[in-house]
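# What the coordinates show
Listed here are the chains, written in short residue letters.
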Amino acid sequence: MRPAKQSFLVATATVAVSLSTWAQGQGIDYAKIEILTEKIAPNLYLLAGSAGADPGHQDAAGGRIGVLAGPDGIFMVDAQYAQITDKVVAAIRKISSEPIRFLVNTHVHPDHTAGNANFVKMGALLFAREELREEMSRPPARPAGGNPAPAGDPARLPVVTYGMGDPVKLRLNGEIVDLIPVRAAHTGGDTMIRFENADAIMIGDFYRNYGYPFIDTNNGGTLKGALEALDATMKLAGPNTRLIPGHGTIINRTDILPYRDMILAVQAKVQQMIGEGKSEQQVLAAKVTAPYDAKVPGGLLPAGAGTSADRFVSMVYSQLKGGK
């Protein structure tokens, strides 16, 4: 066995063990996941897991991956689940045999970061927000009545970190890549990745057109920040810019308007009911998303699916009650 292949297999096994409890809880059938490839520019590709194997993301397993390929090596956006790294690598090798040199995370969630250590051990330099590294560095929570969860592989942590401010720029493969920090939106450490020449922006998960918005307040996300991120994206994008969410279909800037307006309408209705003294359960019972339910694929799935109207409304209620 060649040393590089041996190192990769060891890395995969290590991360898979450390994430086994999380994966079992999600009920993901990794064996059924296929990696689908879409070319959107001469050397820019998108990889996505097939539908139906991931209860949390029924439209496509895990988060979307970006691959910029060329003679300067491969630049990746997000790493998917650790358990399917071999499938991701196989899809990349159909695009290019060049080394995987750079990897950036759009945010902290495991469907975007769990494979980090595998790619780092293959030689990738990992970029992300400082807040993302802090979140990933926290000791794993101890299950109720159980043993402590195993510590994560240190290789999963970003090596190059940045905060709010000007974009981090990388120039490779004839492309200018901008890592654009976003104020606390989907999480507290979101990044958009713009490919200037391809006129495409990977925007992570503060927008999704499968299911209702998910703002992870436990990881620093805020309703106000998500709305600001949507406005910032519309200003950043040109009329032909392709906006690529972590989940769902590719859009342009005009598609953001009805999404933002839906959030604002639900926010206004929930704020009104809070002013009337309504409890969270009363707000949920009022079905304030009813005007939109038929237009939101996946919005009426159970709360555990991660796309539900009830989870969205509960988040809005909590943010508004907290004055955020």
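Residues numbered from 1 in each chain as written. Predicted model: local features only at pLDDT ≥ 70, side-chain atom pairs only at ≥ 80, totals over all residues. Heavy atoms only, no water.

## Points about the layout of surface pockets
- Here the second largest pocket is characterised by a volume of approximately 290 Å³.
- Lining of the second largest pocket is provided by 13 residues; of these, P258, Y259, M262, K295 and V296 occupy positions nearest its centre.
- Of the residues forming the lining of the second largest pocket, the biggest block, four residues, is contributed by helix α8 (residues 253-275).
- Of the residues belonging to the lining of the second largest pocket, the class tally is eight nonpolar, two polar and three charged. (1 Å grid on protein atoms, 1.4 Å probe; cavity = no way out; pocket = protein on both sides within 12 Å on 5 of 7 lines; lining within 4 Å. Points joined across faces, edges and corners; volume = space filled by probe spheres on them. Helix = DSSP H or I, 4+ residues; strand = E, 2+ residues; numbered from the N terminus. Nonpolar A, V, L, I, M, F, W, Y, C, P; charged D, E, K, R; others polar.)

## Some points on the pairing of strand β3 (residues 65-68)
- Burial along β3 is two-sided: I65 and V67 and G66 and L68, pointing in opposite directions, are all buried.
- One ladder, built from four bridges, connects strand β2 (residues 44-49) with β3; its direction is antiparallel. By the bridge assignment for β3, L47 is matched with I65.
- Pairing between β3 and strand β4 (residues 74-77): three bridges, direction antiparallel. Paired with L68 across the two strands is F75, which belongs to β4.
- The antiparallel hairpin formed by β3 and β4 contains five residues in its connecting segment, where G73 sits at a positive phi of about 100 degrees. (Buried < 20%, exposed > 50% of the residue type's maximum accessible area, 1.4 Å probe, protein only. Pairing = 2+ DSSP bridges.)

## Some thoughts on the nonpolar core
- Judged by nonpolar contacts, the single largest core of 38 residues is most densely connected at F206, Y207, I263, V270, F312 and V313.
- For this core, the secondary-structure elements that each account for two or more residues are β9 (175-182), β11 (200-204), α7 (223-236), α8, α9 (280-285) and α11 (309-321).
- Here this core gets eight residues from one element, more than from any other, and that element is α8.
- Setting aside anything within four residues of it in sequence, one finds I263 in contact with P213, L223, L227, L230 and F312.
- Core analysis: the next-biggest nonpolar cluster, separate from the first, contains 25 residues, I28, Y45, V88 and I100 among them. (Core = buried A, V, L, I, M, F, W, Y, C linked by side-chain atoms within 4.5 Å. Contact = heavy atoms within 4.5 Å.)

## Section: the packing of α7 against α8
- Axis separation between α7 and α8 bottoms out at 10 Å; the angle between their running directions is 155 degrees. On the basis of the axis angle, α7 is roughly antiparallel to α8. Crossing geometry of α7 relative to α8 is assigned as left-handed. Only R253, I256, L257, Y259, R260, I263, L264 and Q267 of α8 make contact with α7, whose side of the interface consists of L223, L227, L230, D231, T233 and M234.
- The residue inventory of the contact of α7 with α8, partitioned by class, reads nine nonpolar, two polar and three charged. (Axes fitted to C-alpha atoms, helices over the stretch in contact; angles between N-to-C directions. Parallel < 35°, antiparallel > 145°, perpendicular 65-115°, else oblique. Left-handed = near helix turned anticlockwise from the far one by under 90°.)

## Remarks on the packing of aromatic side chains
- Scanning the model with the defined rule gives five aromatic pairs in all.
- Aromatic side chains F75 and F195 sit 6.2 Å apart centroid to centroid with 80 degrees between the ring planes, which places their arrangement in the edge-to-face category. Placement of F75 in strand β4 and of F195 in strand β10 (residues 190-195) is noted, with a sequence separation of 120 residues between them. For the pair formed by F75 and F195, the shared burial category is buried.
- Of note, R311 hangs over the ring of F214, and the distance from its end group to the ring centre comes to 3.6 Å. (Phe/Tyr/Trp six-rings, centres within 6.5 Å; stacked < 30°, edge-to-face > 60°. Lys NZ or Arg CZ within 6 Å of the ring centre and 35° of its normal.)

## Section: empty space enclosed by the protein
- In total, this model carries one cavity of 30 Å³ or more according to the counting rule given.
- Lining the largest cavity, in full, are R64, V77, D78, T106, H112, M202, I203, G204, I244, P245 and G246.
- Among the secondary structure elements, those contributing two or more residues to the lining of the largest cavity are β11 and β12 (242-245).
- Looking at the lining of the largest cavity element by element, the count peaks at three residues for β11.
- Each residue belonging to the lining of the largest cavity can be placed in one class, and the counts come to five nonpolar, four polar and two charged.

## Re unusual backbone geometry
- Of note, the phi angle at Q80 is positive, near 60 degrees, even though the residue is not glycine.
- Here Q80 lies in the loop between β4 and α3 (85-95).
- Positive phi, close to 50 degrees, is recorded for K287, a residue that is not glycine.
- As for its placement among the helices and strands, K287 is situated in the loop between α9 and α10 (290-293).

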